[in-house]
Amino acid sequence: MASLPVLVLNSGSSSIKFSIYEAGDGQRTKLHEGAVDGIGTDLGTFWIKDAEGRKLVDETPALPNRAVAFKLVVDALHSSDFPAPAAIGHRVVCGGPTVKENQLITPQLIDEIDSYAALAPLHTPIAVYIMRESLSLFPGIPNFAILDTYFHRTMPEVVTHMPIPEEYSAMGVRRYGYHGISYESIVYQLEPNVPEKLIVAHLGNGASISAIRNGQCLDTSMGLTPTGGIISGSRTGDIDPGVLLFILHKIAETASSATEAADRLEIVVSKKSGLLGVSELSNDMRDLRDAIKDGNAKARLAVDKFTWTIARWIGSYVAELNGLDMLVFTGGIGENDIAGRAEICAGLGALGIVLDPVRNNVRGEAVISAENSPVTVRVIPPAEDLMIVNHVVRLLGK
Ligand code: ADP
């Protein structure tokens, strides 16, 4: 295949990130990356960098809504400073129960993904909007949906099925799993030596962990939504359902409608809980580490809950995999929080996980386990955009 510029679009609730790759037979070169951030505010940021990190665009526009934000990106990309994309890959967080394969985007496919927006209300509406706009603003250019749920399609039914009445299961309520493109990118980076029994912990603002056998997902901590699983920046993770009912009853005392009560509960479990809720300070691990140095007990408790949950999850996945060959840390916390990796692994010696404190004193790609550790422990940054480009190239070849 001749080399082609591929645009990757990754939309979130308050930002749109993008990158442009030159992709041909076995060749992938990142040319540019950029983002608009702060959607819904008067003072957003909009930047584009080249491969050497030089800023070609660096603005602080008002970003009242996603339409203004996406128009800025499209107008910039239509200028002669950037190669016109030959194909576009969209990161789509959740395809629902029927859209399981990465594929060419058509108006019908967007409608189908949209029909399951209630399953991922914080992620699907923006992705649907960007896909629709992209079809009309880049006419004639193939757009592909690359799903975060795709990697998890190999999970067995005993893992995906939820213990709820069948009528809700039939509506698509099941475990989907997220961060799939990140997990795939870790497996891709380990090829051709992918260990049989692998656990990957993706620890970023959102955090999850997966058990992977022979490169295929066996289990993952996030469930119907990215709010499930291990606690993260501002999300509860898995929680006793009775807690949700208790909070819902409290909210209902002052809510004017059931919908308002449900929306307020959503904000509590997705935006006000996790590290932020426990610390009452921040959802950002760097802030919490600084506060711990100053003796802040709530920050200490928040971080302890985080590392304790992850250690427990690793233990259960070792049982599920019936052993472990390799543990990989990835994501902003996984790559940079040296103390966090040490705290998570401190009590896992009996599972064969032994860190080398000197090797662990590192940010970014490294082997951090002790020489004699039965399990190899590594830090590997995710390569999500590259993975999306790989899928786009494969689909273009079909
Ligand atoms: P997202 O899920 O938004 O992609 P990232 O993967 O960028 O998030 O991870 C963000 C998290 O990484 C934040 O909690 C941040 O504090 C943490 N982080 C980044 N650098 C460091 C560092 N040097 N030490 C500890 N935590 C860090």
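Before going into details, it helps to say that this report is about the structure given with it. (Residues numbered from 1 in each chain as written. Predicted model: local features only at pLDDT ≥ 70, side-chain atom pairs only at ≥ 80, totals over all residues. Heavy atoms only, no water.)

### Comments concerning the overall build of the protein
Thought 1: A count of helices and strands for the protein gives 14 helices and 14 strands.
Thought 2: The C-alpha radius of gyration computed for the protein amounts to 21 Å, which stays within 12% of the reference 21 Å derived for 398 residues, consistent with globular compactness.
Thought 3: For the protein, the spread of C-alpha atoms along the three principal axes comes to 60 × 55 × 45 Å.
Thought 4: Accessible surface for the protein amounts to roughly 17,800 Å². Of this, 54% is attributable to carbon and sulfur atoms. (Helix = DSSP H or I, 4+ residues; strand = E, 2+ residues; numbered from the N terminus. Rg over C-alpha atoms; globule rule 2.2 N^0.38 Å. Areas by Shrake-Rupley, 256 points an atom, 1.4 Å probe, with all protein chains shown as cover.)

### Structural notes on the packing of helix α7 (residues 241-252) against helix α8 (residues 258-271)
Thought 1: Close contact between α7 and α8 brings their axes to 9 Å; oriented N to C, the two are set at 130°. Judged by the angle between their axes, α7 and α8 are oblique. Of the two possible hands of crossing, α7 and α8 adopt the one that is right-handed. Along its contact with α7, which presents Leu-244, Ile-247, Leu-248 and Ile-251, the element α8 presents Ala-261, Arg-264, Leu-265, Val-268 and Val-269.
Thought 2: Partitioning the contact of α7 with α8 into residue classes produces 8 nonpolar, no polar and 1 charged. (Axes fitted to C-alpha atoms, helices over the stretch in contact; angles between N-to-C directions. Parallel < 35°, antiparallel > 145°, perpendicular 65-115°, else oblique. Left-handed = near helix turned anticlockwise from the far one by under 90°. Contact = heavy atoms within 4.5 Å. Nonpolar A, V, L, I, M, F, W, Y, C, P; charged D, E, K, R; others polar.)

### Topic: the sheet that holds strand β3 (residues 27-37)
Thought 1: A sheet is described by the order of its strands in space; here 8 strands give the open sequence β5-β4-β3-β2-β1-β6-β8-β7, paired in mixed fashion. Lying at the two open borders of the sheet, with one neighbouring strand each, are β5 (55-59) and β7 (103-104).
Thought 2: Sheet contacts for helix α14 (residues 384-396): β1 (4-11), β2 (15-24), β3, β6 (87-92), β7 and β8 (143-147); angle to β8, the most-contacted strand, approximately 125°. (Pairing = 2+ DSSP bridges.)

### A few points about the state of the cysteines
Thought 1: Within the structure shown, the criterion is met by 0 disulfides.
Thought 2: In this model Cys-94 remains outside any disulfide bridge; the closest cysteine sulfur is found in Cys-217, 15 Å from its own.
Thought 3: Looking at Cys-94, the relative accessible area reads 3%, which means it is buried.
Thought 4: A relative accessible area of 3% means that Cys-217 is categorised as buried. (Disulfide = S-S within 2.5 Å. Buried < 20%, exposed > 50% of the residue type's maximum accessible area, 1.4 Å probe, protein only.)

### Brief notes about helix α11 (residues 297-321)
Think of an α-helix as 3.6 residues a turn; residues three or four steps apart then line up on the same face.
Thought 1: Its 25 residues give α11 an end-to-end C-alpha distance of 36 Å, which sits within 8% of 36 Å, the value for a rise of 1.5 Å per residue.
Thought 2: At the C-terminal side of α11, Asn-322 shows a positive phi close to 55°. (Expected span 1.5 Å × (residues − 1).)

### Examining the site of the ligand
Thought 1: Around the ligand, the surrounding shell consists of Gly-204, Asn-205, Gly-206, Asp-284, Met-285, Arg-286, Gly-331, Gly-332, Ile-333, Asn-336, Asp-337 and Arg-363.
Thought 2: A distance of 2.4 Å separates an oxygen atom of the ligand from a polar atom in the side chain of Asp-284.
Thought 3: At a separation of 3.4 Å, a nitrogen atom of the ligand approaches a polar side-chain atom of Arg-363.
Thought 4: Taken by itself the ligand offers 580 Å² of open surface, and the protein chains cover 72% of this.
Thought 5: Ranked by residues supplied to the shell around the ligand, first place goes to helix α12 (residues 331-336) with 4 residues.
Thought 6: Its residues placed into classes, the shell around the ligand shows 2 nonpolar, 6 polar and 4 charged. (Near = heavy atom within 4 Å. Polar contact = N/O pair within 3.5 Å; in protein donor to acceptor, adjacent residues only side chain to side chain.)

### Side note on the side chain of Ser-369
Thought 1: On the secondary structure map, Ser-369 appears in the loop between β13 (366-367) and β14 (376-379).
Thought 2: What makes Ser-369 buried here is its relative accessible area of 3%.
Thought 3: At 3.0 Å, the side chain of Ser-369 and the backbone nitrogen of Val-377 are in polar contact.

### Notes on the environment of Ala-67
Thought 1: Along the chain, the position of Ala-67 falls in helix α1 (residues 66-77).
Thought 2: Distance in space between the C-alpha atoms of Ala-67 and Ile-39 is 9.4 Å, their sequence separation being 28 residues.

### What to know about empty space enclosed by the protein
Thought 1: Across all of its chains, the model carries 2 cavities of 30 Å³ or more by this definition.
Thought 2: Considered as a void within the structure, the largest cavity measures approximately 80 Å³ in volume.
Thought 3: If you go around the largest cavity, the residues you meet are Gly-96, Val-99, Lys-100, Thr-149, Tyr-150, His-152, Arg-153, Arg-174 and Tyr-176.
Thought 4: The residue inventory of the lining of the largest cavity, partitioned by class, reads 3 nonpolar, 3 polar and 3 charged.
Thought 5: Size it by volume and the second largest cavity reaches roughly 30 Å³. (1 Å grid on protein atoms, 1.4 Å probe; cavity = no way out; pocket = protein on both sides within 12 Å on 5 of 7 lines; lining within 4 Å. Points joined across faces, edges and corners; volume = space filled by probe spheres on them.)

### Some remarks on the nonpolar core
Thought 1: Grouped together as the largest cluster of nonpolar side chains are 39 residues, with contacts concentrated most on Leu-203, Ile-314 and Leu-327.
Thought 2: Every element with two or more residues in this core is listed here: β9 (197-203), β10 (207-213), α10 (285-293), α11, β12 (326-330), α13 (338-345) and β14.
Thought 3: In terms of residues, this core owes the most to one element, α11, which gives 11 residues.
Thought 4: Membership of the second largest hydrophobic core comes to 22 residues, among which are Phe-46, Val-73, Leu-77 and Ile-88. (Core = buried A, V, L, I, M, F, W, Y, C linked by side-chain atoms within 4.5 Å.)

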